[in-house]
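Topology and contacts: notes
For reference, the chains in residue letters:
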Amino acid sequence: MAIGYLTVQARTAHDAVPLSGVQITISDSSGNAIYHLTTDENGESQVVPLETLDRSFSQNAYFTGTPFISYHVLAQAAGFDSLYVSDIPIYDGETAILPLALVPMQDTQRTPVQTEITVGKPAVAMREARSQEGPNRTDASPYVLRQVVIPDPITVHLGRPDAPGRNIQMSFPDYIKNAASSEIYPTWPKTALTANIYAIITFALNRIFTEWYKSRGYPFDITNSTAYDQAYTYGGPVYESISQIVDEIFNEYVRRKGQNAPYFTSFCNGTTVTCDGLSQWGTVTLAERGLTPLQILRSYYPKDIEIAETNAITGVTSSYPGTPLQTGSTGLDVQTIQTSLNRIRRNYPAIPAITDPAGEFRNSTKAAVTKFQRIFNLTPDGIVGKGTWYKISSIYTAVTRLAELDSEGNTLGIGTVPPSSVLRQGSTGQDVITLQYLLNVIAQYYPDIPGPVQDGIFGSGTKRSVIAFQRLMRLDPDGIVGANTWDSLYHTYQGIQNNIPGNIPDTDAIRYVVQPGDSLWLIAQKYNTTVQAIKNRNGLSGDMLNIGQVLYIPTSQQTSTIQYTVKPGDSLWLIAQKYNTTVEAIRQLNGLSGNLLNVGQILKIPSSQSVSYTEYTVRPGDSLWLIAEKYNTTVNAIKNLNGLSGDMLNIGQVLKIPL
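What counts, and at which threshold
Residues numbered from 1 in each chain as written. Predicted model: local features only at pLDDT ≥ 70, side-chain atom pairs only at ≥ 80, totals over all residues. Heavy atoms only, no water. Helix = DSSP H or I, 4+ residues; strand = E, 2+ residues; numbered from the N terminus. Rg over C-alpha atoms; globule rule 2.2 N^0.38 Å. Buried < 20%, exposed > 50% of the residue type's maximum accessible area, 1.4 Å probe, protein only. Contact = heavy atoms within 4.5 Å. Areas by Shrake-Rupley, 256 points an atom, 1.4 Å probe, with all protein chains shown as cover. Pairing = 2+ DSSP bridges. Axes fitted to C-alpha atoms, helices over the stretch in contact; angles between N-to-C directions. Salt bridge = Lys/Arg side-chain N within 4 Å of Asp/Glu carboxyl O. Patch = residues over 30% accessible without salt bridge, like charges linked within 9 Å, V, L, I, M, F, W, Y side chains within 5 Å. Expected span 1.5 Å × (residues − 1). Parallel < 35°, antiparallel > 145°, perpendicular 65-115°, else oblique. Nonpolar A, V, L, I, M, F, W, Y, C, P; charged D, E, K, R; others polar. Left-handed = near helix turned anticlockwise from the far one by under 90°.

The number of helices and strands found in the protein is 17 helices and 23 strands. The globule rule puts the C-alpha radius of gyration for 659 residues at 26 Å, and the 26 Å found for the protein is close to it. Its C-alpha atoms give the protein principal-axis dimensions of about 75 × 55 × 55 Å. For the protein, the residues scored as buried account for 51% of the 659 residues in total. By sequence separation, contacts in the protein at least 24 residues apart represent 66% of the contacts at least 6 residues apart. Accessible surface, the protein as shown: approximately 29,100 Å² in total, 48% of it carbon and sulfur.

With that settled, consider the sheet that holds strand S3 (residues 23–27). Taken together, five strands build an open sheet; the order of strands is S4-S3-S6-S7-S9 and the sheet is mixed. The two strands at the open ends of the sheet, each matched to only one other strand, are strand S4 (33–38) and strand S9 (114–118). On average, adjacent strands in this sheet sit at an angle of 20 degrees to one another, irrespective of strand direction. In terms of strand pairing, strand S6 (residues 69–76) meets strand S7 (residues 82–90) through six bridges, oriented antiparallel.

Time to look at the pattern of salt bridges. Pairing between side chains of opposite charge can happen when the charged atoms of each approach one another. Throughout the structure, instances matching the rule amount to 16 salt bridges. A salt bridge links Glu183 to Arg130; the shortest N-O distance between them is 2.7 Å. Remark: Arg130 occurs in the loop between S9 and strand S10 (154–157) and Glu183 occurs in helix H1 (residues 172–183); sequence separation between them is 53 residues. Across the salt bridge formed by Arg256 and Asp304, the nearest N and O atoms sit 3.0 Å from each other. Taken together, the residues span a long stretch of sequence, with Arg256 in strand S14 (residues 252–256) and Asp304 in the loop between helix H5 (293–298) and strand S17 (305–309) at a distance of 48 residues. Owing to a relative accessible area of 22%, Arg256 belongs among the partly exposed residues under this scheme. Through salt bridges with shared partners, one network takes in Glu252, Glu309 and Lys386.

Taken together, Ile3, Tyr5 and Val47 make up a surface patch of nonpolar side chains, about 230 Å² in accessible area. Mapped onto the elements, Val47 comes out in the loop between S4 and strand S5 (48–52). For Val47, a relative accessible area of 46% gives the class partly exposed.

Look at helix H7 (residues 363–375): 19 Å from first C-alpha to last across 13 residues, which is about the 18 Å you get at 1.5 Å a residue. Of the positions making up H7, those classed as buried are Ser364, Thr365, Ala368, Val369, Thr370, Phe372, Gln373 and Ile375. Next to the buried residues of H7 lie strand S1 (2–12), helix H6 (332–344) and helix H8 (386–412). At the exit of H7 stands Asn377, carrying a positive phi of roughly 60 degrees.

What follows covers the sheet that holds strand S11 (residues 167–170). Read from one edge to the other, the open sheet built from three strands follows the order S11-S10-S12, with strand pairing classed as mixed. At either end of the open sheet lies a strand with only one pairing partner, and these are S11 and strand S12 (222–223). Contacting S10, S11 and S12, H1 crosses the sheet at an angle of about 35 degrees to S10.

Tracing the sequence through the fold places Thr194 in helix H2 (residues 190–209). Owing to a relative accessible area of 9%, Thr194 belongs among the buried residues under this scheme. If we skip the residues at most four places from it in the chain, Thr194 touches Ile245, Ile249 and Pro293.

Contact pair H7 / H8: the axes reach a minimum separation of 11 Å and the direction vectors enclose 80 degrees. Here H7 lies roughly perpendicular to H8, going by the angle between them. Here Val369, Phe372 and Gln373 of H7 lie close against H8, whose contacting residues are Thr388, Lys391, Ile392 and Ile395. Within the contact of H7 with H8, the residues separate by chemical class into four nonpolar, two polar and one charged.

With that out of the way, let us pick up the environment of Lys391. Residue placement: Lys391 occurs in helix H8. On the accessibility criterion, Lys391 (16% relative accessible area) is buried. Separated by 144 residues in sequence, Lys391 and Asp247 place their C-alpha atoms 8.9 Å apart. Look past the residues within four positions of Lys391 in its chain and what remains in contact with it is Asp15, Asp174, Phe372, Phe376 and Leu378.

Most of helix H4 (residues 280–288) is tucked away: seven of the nine residues are buried. Where H4 is concerned, the buried positions are Gln280, Trp281, Gly282, Thr283, Val284, Leu286 and Ala287. Packing partners of the buried residues in H4 comprise H1, H2, strand S15 (267–268), strand S16 (278–279) and H5. Directly after H4, the chain includes Gly290, whose backbone phi takes a positive value near 95 degrees.

Here we come to the environment of Tyr631. Within the fold, Tyr631 resides in the loop between helix H16 (624–630) and helix H17 (635–642). Remark: the alpha-carbon pair of Tyr631 and Ser243, spanning 388 residues in sequence, is separated by 44 Å.

Here the focus is unusual backbone geometry. Going from Asp152 to Pro153, the amide bond is cis rather than trans, its omega being 15 degrees. Examined against the element boundaries, Pro153 turns out to sit in the loop between S9 and S10. Of note in this structure, Ala13 is not a glycine but carries a positive phi near 55 degrees. Even without being glycine, Asp15 reaches a positive phi, approximately 75 degrees. Tracing the chain through its elements places Asp15 in the loop between S1 and strand S2 (17–18).

On to the packing of H6 against H8, then. It is at 9 Å that the axes of H6 and H8 come closest, and there the two elements cross at 50 degrees. By the criterion of interaxial angle, the relationship of H6 to H8 is oblique. For the element pair H6 and H8, the recorded crossing hand is left-handed. Contacts from Asp333, Thr336, Ile337, Ser340, Leu341, Arg343 and Ile344 of H6 reach H8 at Trp389, Ile392, Ile395, Tyr396, Val399, Thr400 and Ala403. Partitioned by chemical class, the residues of the contact of H6 with H8 number nine nonpolar, three polar and two charged.

Quick look at the structure:
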């Protein structure tokens, strides 16, 4: 019996927040539990082996059986709805990576709801006809955009174009990985996989470039209907062999020489279904004959096609410099990567701190890059190539966006009582800003919800977001925000605040899951606090608790801290004197056993008084003086709170601003 592998990843908010402690049960087709796993601090489970069929079956176009064995996964976590993913194909020698999109429970929800997803066989094994329609290949007039752009995110409609269905948003590379894993077998020769992935990428970019659906009034870029477009399985696995190829070529596409537009790369399996385009099974035969991916593509499309590249990617902070960064590299691009990784490390503490000088790629930068690559299924070579650069940029954008939203929430003062106003298209004012803020927060955790522009004007974009939210919550999708919609928005928002790790700092509260026999009084006694303090912290109006409910318990001794970056000449004694504390207090707070410090090391320093602060992400043109003026504070106050000795700031740097 052959062996394949499976691992799961539980993350949310566009991978910005890893979910640790998720309980995973893997079972066979008869429902027998094989493994019981728990996700770690990166939201990952261990990789486990599973029996399957020999890979030769999935490489044979004439094999009529199922060339793999399927397994099921049940995911459960306190504060989240459960997820059951069935019929996950496991292939010989291949690692399946299953992303778990757990949904936080609403604050009024007593028990978790179980969502079920069925994966099943890939499209290449299907017999349904494919009638992919696209622009005339010899006519450039249908093309709408002037430039080939990678959309981030891309919006996929689950179903036929004219049928009701969910519109899911995700990053373009993640979409391509899923689509390829849903279309073909990952056991095929690498050149065959690469040719197919080029066709899948180009097909999607053609839909974007021609605005095939947007120009027809649809609010999505592509569908997952194989009759019209290409397969995509929401919640389905991605296979490592496919993932690695996509990371290398996700911004490359097929075009004809002399043209910029992505070619309309239609395709089908070539056995049970034939078409005017690429034969998926035919690529395997050509690969076995030694043809390159481009030669395989030219066997089905015009001989003058070529592979082109676009670096126009929406939603990223900076473009790939064009050459890999590695040990010995220097400059602003290296500094950008260092700043991004140090910020990402706050959400993924397994990434080691970078202690190299700013802009110098040395050992600690390589170690941080390598760990990042392992966490996000990239080749762990410690080199920042194209795939690693854009993944770092994507995760950095996601984590800083959450920080910005948290800061905005503090400024707006979102409470627990919804506004009483009724809002509709054309409304303006503070309640509209509150509405748009809530929708933007919810959009980070629910891929169905497009985040609106937060401008205080209830326009068409806000209406689309409201309707998407109402449909998801099974409310009347009229685009009008009345009492029911306000209540649902607030319950969803409070559920996120209560259940998503990282929304409430560890120094501020302890995360506690209600057990049988618990009461607020017993919990308060256990943690040396009061019932009222727990109720205030969790927005509770009564004393009733539910088993499995997540509470945040205020700690009896709340120590305010500041961050300090060790500089040349520093010692624990000097730092303790500067901040009016003791060497032992700094040691205990940072888990230090000795006095040795490294330049660039980040220390937590106990503050002599409690300081309220908000977080701010440095933007182009910022200075300490401008930021201090904006928040009605002083330059010295910002420098002291952040342990800064000079006035230099880096774009993307996160500052604590005293309130």
